[in-house]
Amino acid sequence: MAARQQPTGTGLRVQYEDLVPKSEWKDQPEATILTIDLPGFAKEQIKVTYVHTSRMIRVTGERPLSDRRWSRFNEVFTVPQNCLVDKIHGSLKNNALTITMPKETITKAPNLAETSKTVAEKMKQLEEKRLLEEARKKEEEAEKKKKLLDEKEGILRKLQEEAKAKEMAEARKFQEETRARKLQEEARARKLQEEAKARQLQEEAKAKEMAEARKLQEEARARQFQEEAIAKEKLEERKRVEEEASLKKKYVDESIGNRKIIKPEDMLLPEVDYTQSILGSTTKPVSGRAREVVKQAEEKLGSLVEKKKKIEKGLMEKIKGKEMIASEEKKLMLNAGVAALVIFALGAYVSYTFCSSSSPPSKPE
């Protein structure tokens, strides 16, 4: 069974499969019977034609199979000479085509003329059969050539379609690869940009953190230096104040310790002998001694007052600059003020005592 393709008007190719059916001749007294096996064929799909010129019967048929495939056949059979062509008939039953060709009935005795005529007819039939065979061979060769051409055209068309499909598939594949490569490059570029941006943000954050840490360190160092300077200044100020207070206390203690306490018996005026001459007297007048004591007391008192004012002024300035003073410094200031007042009162008392004692006594009447 051979197969070939044939284009149709709709653009869809139809593939034909050539069928060579089995045939069987049966010679009976009344007729010659030809049986052809045609499985799957219907009566409408079979065509039987008698060719008078060649005295042959052509049997053709085709039926669809599946997927645009068709089964077909084309067979030629020679009709025997003793058959009545007008009474040839056929029938299809059980997938078998039966063609019945009735024979002529001979009632007359044969003679020479009829015998020669029969021989001539046989010769003619043989010639017709030979011509029919040649025509059949030529037709078969033409059919084979046509099949080969159709197969060649189908192969070429198939190769062209395959080449075109392959080319289109390659072009599509190239486009997809180009698109995928482009997407990969874009994704890689986007990833590099994001990494660069993230790196830049990290560097900026790190630089900012380092700057803030450096700033905090500098501020802490400055605060530490400031606190150390303030503590050092306070320590020095406190030390200086303590030294000044100790010096003041020492000076006050020395002043009070060196001060001569005048006893009541010392405050009495020396006895003066009025009988002796004033010129010959070696006793120093009381008024001059008192005046010197008062003068010395006033000088010392004035110096103490000046020092007290300076100390108070310095302490007030320090109080204004520092905003607070330790309790020990306040006690020292209070002690210095009390000592100054005591010295002032003592000086005034001494001055008053000597002034009152230096006045001349009243003469007796």
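See the structure shown above.
The paragraphs below set out a description of the structure included in this document. (Residues numbered from 1 in each chain as written. Predicted model: local features only at pLDDT ≥ 70, side-chain atom pairs only at ≥ 80, totals over all residues. Heavy atoms only, no water.)

## A closer look at the sheet that holds strand β3 (residues 23-27)
Strand pairing within a sheet occurs via backbone hydrogen bonds; the two strands may be parallel or antiparallel. Sheet architecture is open: four strands sit in the order β3-β4-β9-β8, paired in antiparallel fashion. Sheet topology places β3 and β8 (89-93) at the edges, where each strand pairs with a single neighbour. Here the strands of the sheet are splayed against their neighbours by 20 degrees on average, with no regard to which way each runs. As paired strands, β3 and strand β4 (residues 31-37) are joined by five bridges and run antiparallel to one another. (Pairing = 2+ DSSP bridges. Helix = DSSP H or I, 4+ residues; strand = E, 2+ residues; numbered from the N terminus. Axes fitted to C-alpha atoms, helices over the stretch in contact; angles between N-to-C directions.)

## What to know about the environment of Arg55
One can find Arg55 in the loop between β5 (46-51) and β6 (56-64). Here Arg55 falls in the buried class, since its relative accessible area comes to 16%. Sequence spacing of Arg55 and Pro80 is 25 residues, and the spatial spacing of their C-alpha atoms is 8.5 Å. In contact with Arg55, other than residues within four places in its own chain, are Tyr50, Thr78, Val79, Pro80, Gln81, Cys83, Val85 and Glu128. Looking at Arg55, its side chain comes within polar contact range of the main-chain oxygen of Pro80, at 3.1 Å. (Buried < 20%, exposed > 50% of the residue type's maximum accessible area, 1.4 Å probe, protein only. Contact = heavy atoms within 4.5 Å. Polar contact = N/O pair within 3.5 Å; in protein donor to acceptor, adjacent residues only side chain to side chain.)

## Looking at the pattern of salt bridges
Should the charged atoms of two oppositely charged side chains come close, the side chains can pair. One pass over the structure, following the stated rule, counts nine salt bridges. For Arg58, the salt bridge identified is with Glu139, shortest N-O distance 3.4 Å. Of this pair, Arg58 sits in strand β6 while Glu139 sits in helix α1 (residues 112-258); the two residues are 81 residues apart in sequence, bridging distant segments of the chain. What makes Arg58 partly exposed here is its relative accessible area of 26%. Residue Glu139 is classed as partly exposed on the basis of its relative accessible area, which comes to 37%. (Salt bridge = Lys/Arg side-chain N within 4 Å of Asp/Glu carboxyl O.)

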